[in-house]
Amino acid sequence: MKKHYWFPLVVLFLCSCQSHLQQLVEEAPLISVQVPMGGGDTLILSKSPTNIVSLAPNFTEIIYLLGAEDRLAARSVTTTFPEKVYELPEVNGYPFPEIEDLRSYKPEVVLVSPEVKAQYDFPDSLPIYSSLTDNLEQLYASIRSLGVLTEHTEKATSLVDSL
């Protein structure tokens, strides 16, 4: 009868590999937020942003309707509604955003209109969310997407259902 001295070595090797793989998985950054932007584009962030700069008045209003205004760090100078928006600092965002001004608020994402996104080449270091709101279907999709972005999906669904 042969003795298998190699068996404990194989078991030890497999255990050490599993430990290493588990460590890699635990240390790897997780992609936890995937936000559809329409047209097949998706914004991928490592976490839901808590520091948002909005250069699009319509998106700012949606953020307020979702009850996520505490995530807004600054707003466009053209945003005038709701009244509480005047408590936020202003950023010049139209027609050409001032990048250094934007960066001073340390945004985790910047909300912009498709027109501004098309006209201006934003640096890769600034994650950009943009979607059309030209018709009701696009508006509803934008509300749902901003709900995902701000972790207010139930409120977004409720808001769309009420419209």
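Here we summarise the structure given alongside this text. These numbers come from a predicted model, not from an experiment.

Tallying each qualifying case throughout the model produces two aromatic pairs. Residues Phe59 and Tyr129 carry aromatic rings whose centres are separated by 5.3 Å and whose planes lie at 65° to one another, so their mutual orientation is edge-to-face. Pair noted here: Phe59 is in helix 2 (residues 57-65) and Tyr129 is in strand 7 (residues 128-129), with a separation of 70 residues, a long-range link. When the ring of Tyr120 is compared with that of Phe122, the centres are 5.1 Å apart and the planes differ by 70°; the resulting orientation is edge-to-face. The buried category is assigned to Phe122, whose relative accessible area is 9%.

Quick look at the pairing of strand 1 (residues 33-38) now. Here is the key point about a regular strand: its side chains alternate between the two faces of the sheet. As judged from the five bridges shared by strand 1 and strand 2 (residues 41-45), these two strands associate in the antiparallel manner. Bridge pairing links Val35 to Leu43 in strand 2. Counting the residues that bridge the hairpin from strand 1 to strand 2 gives two residues, and of these Gly39 lies at a positive phi of roughly 65°.

Across its 14 residues, helix 5 (residues 136-149) extends 20 Å between first and last C-alpha, which sits within 8% of the 20 Å expected from 1.5 Å per residue. If you check which residues of helix 5 are buried, you get Tyr140, Ser142, Ile143, Ser145, Leu146, Gly147 and Leu149. Between the side-chain oxygen of the N-cap and the backbone nitrogen of Glu137 there are 3.1 Å, and the N-cap of helix 5 in question is Asn135. Residue Glu151 follows helix 5 closely and has a positive phi angle near 60°.

We now examine the sheet that holds strand 5 (residues 90-91). Across the sheet, which stays open at both edges, the five strands sit in the order 5-4-3-6-7 with parallel pairing between neighbours. This sheet does not close on itself; its edge strands, each paired only once, are strand 5 and strand 7. In terms of strand pairing, strand 4 (residues 72-76) meets strand 5 through two bridges, oriented parallel. Residue pairing for strand 5: Ser76 is matched across the bridge by Val91. Across the face of the sheet, helix 2 comes into contact with strand 3 (52-54), strand 4, strand 6 (109-111) and strand 7 while running at roughly 145° to strand 4.

With that settled, the discussion passes to the layout of surface pockets. What the largest pocket holds in volume is close to 220 Å³. Residue assignment for the lining of the largest pocket shows that the elements contributing at least two residues are strand 1, helix 4 (114-119) and helix 5. Ranked by residues supplied to the lining of the largest pocket, first place goes to helix 5 with four residues. Class assignment for the residues of the lining of the largest pocket results in six nonpolar, seven polar and two charged.

Next up on the list: the nonpolar core. With 26 residues, the main nonpolar core has Leu43, Val109, Leu111, Tyr129, Leu146 and Leu149 as its most contacted residues. Only strand 1, strand 2, helix 2, strand 6, helix 5 and helix 6 (153-162) provide two or more residues apiece to this core. Residue contacts for Val109: discarding those within four places in its chain leaves Leu43, Leu45, Pro49, Asn51, Ile52, Val53, Pro127, Ile128, Tyr129 and Leu149. One finds Leu55, Ala74, Val91 and Phe122 within the second-largest nonpolar core, a separate group that totals 13 residues.

Looking now at unusual backbone geometry. Omega for the peptide link from Phe81 to Pro82 comes to -5°, which places this bond in the cis form. A positive phi angle, near 50°, is found at Lys106, a position not held by glycine. Judged by its relative accessible area of 64%, Lys106 is exposed. Here Glu151, not a glycine, exhibits a phi torsion of approximately 60°, which is positive. Looking at where Glu151 falls in the secondary structure, it is placed in the loop between helix 5 and helix 6. On the basis of relative accessible area, Glu151 is assigned to the exposed category, the value being 56%.

Quick notes on the rules
- Residues numbered from 1 in each chain as written.
- Predicted model: local features only at pLDDT ≥ 70, side-chain atom pairs only at ≥ 80, totals over all residues.
- Heavy atoms only, no water.
- Phe/Tyr/Trp six-rings, centres within 6.5 Å; stacked < 30°, edge-to-face > 60°.
- Helix = DSSP H or I, 4+ residues; strand = E, 2+ residues; numbered from the N terminus.
- Buried < 20%, exposed > 50% of the residue type's maximum accessible area, 1.4 Å probe, protein only.
- Pairing = 2+ DSSP bridges.
- Expected span 1.5 Å × (residues − 1).
- Polar contact = N/O pair within 3.5 Å; in protein donor to acceptor, adjacent residues only side chain to side chain.
- Contact = heavy atoms within 4.5 Å.
- Axes fitted to C-alpha atoms, helices over the stretch in contact; angles between N-to-C directions.
- 1 Å grid on protein atoms, 1.4 Å probe; cavity = no way out; pocket = protein on both sides within 12 Å on 5 of 7 lines; lining within 4 Å.
- Points joined across faces, edges and corners; volume = space filled by probe spheres on them.
- Nonpolar A, V, L, I, M, F, W, Y, C, P; charged D, E, K, R; others polar.
- Core = buried A, V, L, I, M, F, W, Y, C linked by side-chain atoms within 4.5 Å.

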